[in-house]
Amino acid sequence: MKVVVISGPTASGKTNTSLKLVTKFGGEIVNFDSLLLYKEISIGTAKPTPEEQQNIPHHMIDVASISHPLNAARYAEEAIKIIGEIHGRSKIPYLVGGSGFYLQAVLKGMYNSPTTPEHVLKKSNELYLSEGIQPFLKILRQNDPTSLVLYHENDHYRVRRAVEHWWTHQTPFSAERMRKDESNKSIEASIHEWDIHHLHLDLPKEEHLEIITNRTKKMLEAGRLEEEVRNLLSLGFTGLEKPLQSIGYKEMLDYIFGVYKSMDECEERIVISTRQLAKAQRTWFKKDLTKILFHPLKQNQEIERSVAEFLNT
């Protein structure tokens, strides 16, 4: 059973590439970008348009609410079921996205870290609301420095998750992560009987910066992102919901609440944060030595040829 994976850092052309490939070869798209899961947010997520989703079957988009975030384990359970259904229709699933942890959950299973106890979550939430992320960084620095290296300090969710694991088990989360990584040297070492073809899209950093900058300007033009965020606040969302702490939304919330004094400053912060995210994503996928790297703008024919050969073998 064949599966095509299309990964890459944010703003690397994954959506456009996947649409071209499925149009040419047939198949269905299964999203593994964590923000595309939420129905309330679109402008800041570069979500495929309704027209694009109508013409090609898309799955795992708009399946949850930002008030009830979907974790990787639940995502993987649903995605695996959908992949089986696509195979049952004798079609090819294309897993498309940039959230490496969600892809790993599907292909390799989850780390052995049971659900965090309620009292630990309460302790974590209270500390985060009162003092922010700095105490969590300090705890990791003292007890799990490896996780501190692995996670960017802006990745508040995973930093907090690693601390919660430490509080619960008194063992570093990085140790469990390394144990799991050692048992699966590449993403393609799947727990499923799937024949996986992994296309990884990336481009030179300066070229990528231009794309990130243009996409940010488009998100902000005519107040599109600001209107979306203000509307969410008017509906009763607080801005503390995990999806609203993601890049674009966090900066816009800071602008609305006066942290940034101008839209230019907000735009600059979004571009900087997006570049930092892209760097973290590159680091994540670097460990997979079996992926095939392509330039998304200059190697369209090579990408198509690669998929054609995979599907015909």
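Look up: the structure comes first, before these words.
The shown structure was predicted, so the numbers you read here are calculated from the model rather than taken from an experiment.

**Here we look at the pairing of strand S2 (residues 28–31)**
Then comes step 1: Judged by which residues are buried, S2 turns out to be covered on both faces: Glu28 and Val30 on one side and Ile29 and Asn31 on the other are all buried.
Then comes step 2: Relative to strand S4 (residues 93–96), S2 runs parallel, the two sharing four bridges. Bridged to Asn31 within S4 is Val96.
Then comes step 3: Note: S2 against strand S3 (residues 58–59), two bridges, orientation parallel. Within the sheet, the bridge partner assigned to Ile29 lies in S3 and is His58.
Then comes step 4: In this view, the connection linking S2 to its parallel neighbour S3 by way of helix H2 (residues 50–55) has right-handed handedness.

**A look at the nonpolar core**
Then comes step 1: Within the largest apolar cluster, 44 residues are counted, with the highest numbers of intra-cluster contacts made by Val30, Tyr75, Leu95 and Val106.
Then comes step 2: Mapped by element, the contributors of at least two residues to this core are strand S1 (2–7), helix H3 (72–88), helix H4 (100–108), helix H10 (205–220), helix H11 (224–234), helix H12 (249–256) and helix H13 (263–286).
Then comes step 3: It is H3 that provides the largest number of residues to this core, a total of seven residues.
Then comes step 4: Non-local contacts of Val106, meaning those with residues more than four positions away in its chain, are made with Tyr75, Ala76, Ala79, Ile80, Ile83, Leu95, His192 and Trp194.
Then comes step 5: If you look at the next biggest cluster of nonpolar residues, it comprises 16 residues, including Leu19, Ile56, Tyr94 and Phe310.

**Here's the deal with the packing of H12 against H13**
Then comes step 1: Two numbers describe how H12 lies on H13: the axes approach to 9 Å, and their chain directions differ by 160°. Considering the angle they form, H12 stands roughly antiparallel to H13. Here the hand of the crossing between H12 and H13 comes out right-handed. In this structure, H12 uses Glu251, Met252 and Tyr255 to contact H13, whose residues at the interface are Met263, Cys266, Arg269, Ile270 and Ser273.

Reading the values: the criteria
Residues numbered from 1 in each chain as written. Predicted model: local features only at pLDDT ≥ 70, side-chain atom pairs only at ≥ 80, totals over all residues. Heavy atoms only, no water. Buried < 20%, exposed > 50% of the residue type's maximum accessible area, 1.4 Å probe, protein only. Helix = DSSP H or I, 4+ residues; strand = E, 2+ residues; numbered from the N terminus. Pairing = 2+ DSSP bridges. Right-handed = clockwise from strand over helix to strand, strands pointing away. Core = buried A, V, L, I, M, F, W, Y, C linked by side-chain atoms within 4.5 Å. Contact = heavy atoms within 4.5 Å. Axes fitted to C-alpha atoms, helices over the stretch in contact; angles between N-to-C directions. Parallel < 35°, antiparallel > 145°, perpendicular 65-115°, else oblique. Left-handed = near helix turned anticlockwise from the far one by under 90°.

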